[in-house]
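Spelled out from the first residue to the last, the chains are:
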Amino acid sequence: MIRENLDIVERNIQAACDKAGRDRSEVTLVAVSKTKPVSDLMEAYDAGIRVFGENKVQELVDKMEKMPGDIHWHMIGHLQRNKVKYIVGKVELIHSVDNTELAEEINRRAEKAGVVQDILIEVNIADEETKFGIAKEEVKDFYVNISKLPYVNVRGVMCIAPYVVEPEQNRHYFADLRKIFVDITNNIVDNSRVDIMSMGMTGDYQVAVEEGATLIRVGTGVFGARNYNTT
Ligand SMILES: *Cc1c(COP(=O)(O)O)cnc(C)c1O
């Protein structure tokens with residue numbers, strides 16, 4: 001089932017790339033495996049997936065220990081400062097940095113671990129009260145601020161668009177995130193590499209790819225519906 005799902009997702013990504021005149025290699029699929037058992041992750045792994053996204057630190061660390069070592073793990077969920085130490089240097093990318101204290105803690109732990117941690121700025125693109133993320137107007141200042149941290153590398157931006165029935169409804173939010181991204185790339189601090197736009201989930205990743213996503217985070221579309229009652 002997971003292999004078939006991945007085939008469908010792959011075809012959709014390719015179609016979106018074709019439509020937008022983009023090369024398929026510009027888009028990386030992050031398979032969002034939260035709540036799913038390791039056996040499911042292994043199925044995706046065997047089908048070629050090497051980038052997995054989790055939203056809880058404990059679950060991420062547990063799965064990391066059980067899965068092959070050549071996987072790139074992404075922390076995509078809200079991150080508490082006291083849990084930073086468990087993942088810094090172990091995850092390839094933290095998608096969800098939205099306050100200075102968190103960035104400073106990542107910096108501190110990364111220095112201790114002797115690494116530079118890649119992160120993204122989470123943007124509250126639709127100004128939703130229920131969502132985490134930096135307000136659109138504040139992203140640039142926040143970027144300039146945390147870019148000074150020597151053990152943190154801000155690679156780009158991430159957003160969680162609203163849940164919609166019709167994916168086209170989110171196109172303008174993805175376009176907004178792209179504008180913010182371009183704005184940052186025009187104001188790059190030192191020589192850091194800013195090259196990631198993480199946007200698009202199962203319901204809207206094709207539109208996100210058309211609008212320039214370089215990372216898409218697909219859970220349900222790869223692993224099927226999640227059942228939160230049994231986990
Ligand atoms: C769960 C989750 C996803 C994947 O959601 P689907 O709709 O199942 O594809 C993507 N991004 C974040 C931050 C998530 O928490």
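Details of the structure are given in the entry above.
This one's a predicted model, so the numbers in the text were calculated from it and none came from an experiment. (Residues numbered from 1 in each chain as written. Predicted model: local features only at pLDDT ≥ 70, side-chain atom pairs only at ≥ 80, totals over all residues. Heavy atoms only, no water.)

## Some remarks on helix α1 (residues 2–20)
Consideration 1: The end-to-end C-alpha distance of α1, which contains 19 residues, comes to 27 Å, matching closely the 27 Å that a straight helix rising 1.5 Å per residue would cover.
Consideration 2: Within α1, the full set of buried residues consists of Ile2, Asn5, Leu6, Val9, Ile13, Ala16 and Cys17. The buried residues of α1 all sit within an arc of 110 degrees when viewed along its axis, so they share a single face. Opposite its buried face, α1 presents the exposed residues Arg11, Asp18 and Lys19, each directed more than 90 degrees away.
Consideration 3: A positive backbone phi angle near 70 degrees is found at Gly21, which sits one or two residues after α1. (Helix = DSSP H or I, 4+ residues; strand = E, 2+ residues; numbered from the N terminus. Expected span 1.5 Å × (residues − 1). Buried < 20%, exposed > 50% of the residue type's maximum accessible area, 1.4 Å probe, protein only. Arc of directions from axis to C-beta.)

## Focus on the environment of Gln169
Consideration 1: Along the polypeptide, Gln169 turns up in the loop between β6 (152–159) and α7 (171–185).
Consideration 2: Using a relative accessible area of 44% as the deciding quantity, one classes Gln169 as partly exposed.
Consideration 3: Each C-alpha atom, one on Gln169 and one on Asp204, is 9.1 Å from the other, the two residues being 35 residues apart in sequence.

## Focus: the nonpolar core
Consideration 1: Judged by nonpolar contacts, the single largest core of 67 residues is most densely connected at Phe52, Trp73, Ile94, Ile106, Ile121, Val157 and Ile216.
Consideration 2: Apart from the residues within four sequence positions on either side, Ile106 is in contact with Val84, Val88, Ile94, Val97, Gln117, Ile119 and Val152.
Consideration 3: Membership of the second largest hydrophobic core comes to seven residues, among which are Val30, Leu93, Met158 and Ile196. (Core = buried A, V, L, I, M, F, W, Y, C linked by side-chain atoms within 4.5 Å. Contact = heavy atoms within 4.5 Å.)

## Here we look at the packing of aromatic side chains
Consideration 1: By the definition in use, this model includes one aromatic pair.
Consideration 2: Geometrically, the ring pair formed by Phe52 and Trp73 is tilted, given 5.7 Å between the ring centres and 35 degrees between the ring planes. Pair noted here: Phe52 is in strand β2 (residues 51–54) and Trp73 is in strand β3 (residues 72–75), with a separation of 21 residues, a long-range link. This pair shows no difference in class: Phe52 is buried, exactly as Trp73 is.
Consideration 3: Positioned over the ring face of Tyr45 is Arg50, at 3.5 Å from the centre of the ring. (Phe/Tyr/Trp six-rings, centres within 6.5 Å; stacked < 30°, edge-to-face > 60°. Lys NZ or Arg CZ within 6 Å of the ring centre and 35° of its normal.)

## Quick word on the pattern of salt bridges
Consideration 1: A full pass over the atoms with the stated rule returns 19 salt bridges.
Consideration 2: A salt bridge links Lys63 to Glu54; the shortest N-O distance between them is 2.8 Å.
Consideration 3: Judged by its relative accessible area of 6%, Lys63 is buried.
Consideration 4: Here Glu105 ties to Arg108 by a salt bridge, and the two come within 2.7 Å at their closest N and O atoms. (Salt bridge = Lys/Arg side-chain N within 4 Å of Asp/Glu carboxyl O.)

## Re the site of the ligand
Consideration 1: The immediate surroundings of the ligand are formed by Val32, Lys34, Ile76, Ile160, Met201, Thr202, Arg217, Val218, Gly219, Thr220 and Arg226.
Consideration 2: Thr202 places a polar side-chain atom, nitrogen or oxygen, 2.4 Å from an oxygen atom of the ligand.
Consideration 3: Arg217 places a polar side-chain atom, nitrogen or oxygen, 2.8 Å from a nitrogen atom of the ligand.
Consideration 4: Here the ligand has 390 Å² of accessible area as a free molecule, and 89% of this is covered by the chains.
Consideration 5: Looking at the shell around the ligand residue by residue, the class counts come to five nonpolar, three polar and three charged. (Near = heavy atom within 4 Å. Polar contact = N/O pair within 3.5 Å; in protein donor to acceptor, adjacent residues only side chain to side chain. Areas by Shrake-Rupley, 256 points an atom, 1.4 Å probe, with all protein chains shown as cover. Nonpolar A, V, L, I, M, F, W, Y, C, P; charged D, E, K, R; others polar.)

## Observations concerning the pairing of β2
Consideration 1: Of the two faces of β2, the one carrying Val51 and Gly53 and the one carrying Phe52 and Glu54 are both buried.
Consideration 2: Two strands pair when backbone bridges link them, and strand β1 (residues 28–32) and β2 are joined in this way by two bridges, in the parallel orientation. By the bridge assignment for β2, Ala31 is matched with Phe52.
Consideration 3: Tracing the backbone out of β1, into helix α2 (residues 38–46) and back to the parallel element β2 gives a crossover that is right-handed.
Consideration 4: In the sheet, β2 pairs with β3 via four bridges, with the strands oriented parallel. The residue bridging Glu54 from the neighbouring strand is Met75, located in β3.
Consideration 5: Remark: the β2/helix α3 (residues 57–66)/β3 crossover connection has right-handed handedness. (Pairing = 2+ DSSP bridges. Right-handed = clockwise from strand over helix to strand, strands pointing away.)

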